[in-house]
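The chain contents come next:
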Amino acid sequence: MNKLNPINIYERIESIDLLRGFALLGILIMNIISFSNIGTGYMNPTIGAGIEGYNGFIHGFSYLFADMRFMSIFSILFGAGILIFSDNAIRKGTNAGKYHYRRMLLLLIFGLIHAYLIWMGDILVMYAICGSIAYLMRNWSAKKLFIVGGIFFVVPILFSLSTYFFTPQEQLQEIFKFWTPTQEEIDTEILVYQQGSYVDQLKPRISSAIELQTLVFLIEQSWRILSMMMLGMILYRKGILSAQKEKSFYQRYLIMGLASGLALSGAGLYAAYSFDWDGIWFMNVGHFYNYVASLCVALGYIGLIMLWSKSNILLGLQSRLKAVGKLAFTNYILTSLICTFIFYGHGLGLFATMDRLEQMGIVTIVWMILLIISPMILEKYKRGPLESIWRRFTYL
């Protein structure tokens, strides 16, 4: 049997690298909230920096243009990546299964290290699990992928709506009491992450990571990630992610995706203010305006980036974003290391001290770092350090 070798750096699909770099930078717009504020502040915008004045404007912008959008793109690209990997195996005349599951095993190990030792908001563990399942679907027809993916996508919506309408009010209040933590709970979490040592942070970080990897994963994330991975397989097979379609095709994606997504999420944002950001309503009903809208906006962004990749506009920035995308694994972990150093007690200890404008300032700084160092690394090496480890383990 022939040995499967990694895809040559020069054989990569440039439009996918550009899209991945765009998504990697964009996802920090939301993740910065988790890095810099208590856990509940990511979901409940009235906690921490709040929504008064320009903080409300910045939150609204993030809600409309960033929340779940870039995570959806990442999941779509991961699904496409499974097919790219599989297609490479077919060309080489070998079975890619053992190589794929080696990749997922190492991704899982890195994810556990990331979640428990660096930052609880890790996505690698979820991707390793979902990627292992999605691989079994790689040969499905586009129709079957679309139908099953659509069913998976609506499962969290149906689950939450049934919870909202058929659970006694007293029980709902108990389930969602986390939405409004007491001042003592807020102060305790701030103290641990702002002034606590690295060892002090381990217990709450591990506890939060386990909750995300179990309860949250089973209720919503697994269904959404798998549905997006299946969509990614469809988009890759149809040549959409490799910029093979006409410009008019991507223009329709851009206009229809952004128009429908922004309208739906705008309605959800208006409703959330109307319900005074009530936790029970938002987590079971209001959240899903943006859940659906995130898919629409993600498709709009894909149209935008594919159009850009087919143009000669800002080629220098395109090149830098492609470099960020090629080093996505390394840059994802590097972002966590930078942000936890800035905000946590083992570093500068700026946790819970910044408003949303200042948080966006940190986002901009991190973007500049990644855009500068990624091309520099690729000038000297073929891949980033984590990408090299991942591939070396895969192709043993």
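The structure under discussion appears in the preceding block.
Below you will find a few notes about this structure.

What counts, and at which threshold
Residues numbered from 1 in each chain as written. Predicted model: local features only at pLDDT ≥ 70, side-chain atom pairs only at ≥ 80, totals over all residues. Heavy atoms only, no water. Salt bridge = Lys/Arg side-chain N within 4 Å of Asp/Glu carboxyl O. Helix = DSSP H or I, 4+ residues; strand = E, 2+ residues; numbered from the N terminus. Buried < 20%, exposed > 50% of the residue type's maximum accessible area, 1.4 Å probe, protein only. Axes fitted to C-alpha atoms, helices over the stretch in contact; angles between N-to-C directions. Parallel < 35°, antiparallel > 145°, perpendicular 65-115°, else oblique. Contact = heavy atoms within 4.5 Å. Nonpolar A, V, L, I, M, F, W, Y, C, P; charged D, E, K, R; others polar. Phe/Tyr/Trp six-rings, centres within 6.5 Å; stacked < 30°, edge-to-face > 60°. Lys NZ or Arg CZ within 6 Å of the ring centre and 35° of its normal. Polar contact = N/O pair within 3.5 Å; in protein donor to acceptor, adjacent residues only side chain to side chain. 1 Å grid on protein atoms, 1.4 Å probe; cavity = no way out; pocket = protein on both sides within 12 Å on 5 of 7 lines; lining within 4 Å. Points joined across faces, edges and corners; volume = space filled by probe spheres on them.

Observations concerning the pattern of salt bridges
Thought 1: The tally for this structure, following the rule as stated, stands at six salt bridges.
Thought 2: When the shortest N-O distance is used, the salt bridge between R237 and D87 registers 2.9 Å. Of this pair, R237 sits in helix α9 (residues 198-237) while D87 sits in helix α3 (residues 69-92); the two residues are 150 residues apart in sequence, bridging distant segments of the chain.
Thought 3: For D87, a relative accessible area of 16% corresponds to the buried category.
Thought 4: Of the charged contacts, one joins E174 and K177 as a salt bridge, the two residues approaching to 3.1 Å between their closest N and O atoms.
Thought 5: Look at K177 and you get exposed, because its relative accessible area is 52%.

Concerning the packing of helix α2 (residues 54-65) against helix α11 (residues 279-309)
Packed helices, taken two at a time, are described by the angle between their axes plus the distance between the axes.
Thought 1: Between α2 and α11, the least distance of the axes is 8 Å, while the angle of their chain directions is 65°. Judged on the interaxial angle alone, α11 and α2 are roughly perpendicular. Across the interface between the two elements, Y63, L64 and F65 from α2 touch F282, G286, N290, V297 and Y301 from α11.
Thought 2: Of the residues belonging to the contact of α2 with α11, the class tally is six nonpolar, two polar and no charged.

Points about the packing of aromatic side chains
Thought 1: Inspection of every chain in the model, using the stated rule, returns 24 aromatic pairs.
Thought 2: The interplanar angle of 40° and the centroid separation of 5.5 Å between the aromatic rings of W179 and F282 together place this pair among those described as tilted. On the criterion of sequence distance, the pair formed by W179 in the loop between α7 (169-175) and α8 (183-195) and F282 in helix α11 is long-range, its members being 103 residues apart. A single burial state applies to W179 and to F282, both of which are buried.
Thought 3: Among the aromatic residues, ring-to-ring pairing joins Y63, W179, Y273, W277 and F282 into one connected group.
Thought 4: Here the basic side chain of R103 rests over the ring of W390, its NZ or CZ set 4.4 Å away from the ring centre.

Section: the side chain of R224
Thought 1: Secondary-structure assignment places R224 in helix α9.
Thought 2: Every residue in contact with R224, bar those within four places of it in the chain, is listed here: M68, M71, S72 and Y291.

Notes on the environment of T167
Thought 1: Structurally, T167 can be placed in the loop between α6 (142-166) and α7.
Thought 2: Dropping the residues within four chain positions of it, T167 is found in contact with S162 and L172.
Thought 3: Within the structure, T167 has its side chain in polar contact with the backbone oxygen of T163 (distance 2.7 Å).

Topic: empty space enclosed by the protein
Thought 1: Tallying each qualifying case throughout the model produces two cavities of 30 Å³ or more.
Thought 2: Here the largest cavity is characterised by a volume of approximately 90 Å³.
Thought 3: Lining the largest cavity are 13 residues, with L24, I27, L28, Y332 and T335 positioned closest to its centre.
Thought 4: Residue assignment for the lining of the largest cavity shows that the elements contributing at least two residues are α1 (14-36), α13 (328-343) and α14 (356-380).
Thought 5: A breakdown of the residues in the lining of the largest cavity according to their chemical character gives ten nonpolar, three polar and no charged.
Thought 6: Considered as a void within the structure, the second largest cavity measures approximately 50 Å³ in volume.
Thought 7: In terms of lining residues, the second largest cavity is bounded by I29, I33, I58, H59, S62, R356, Q359 and M360.

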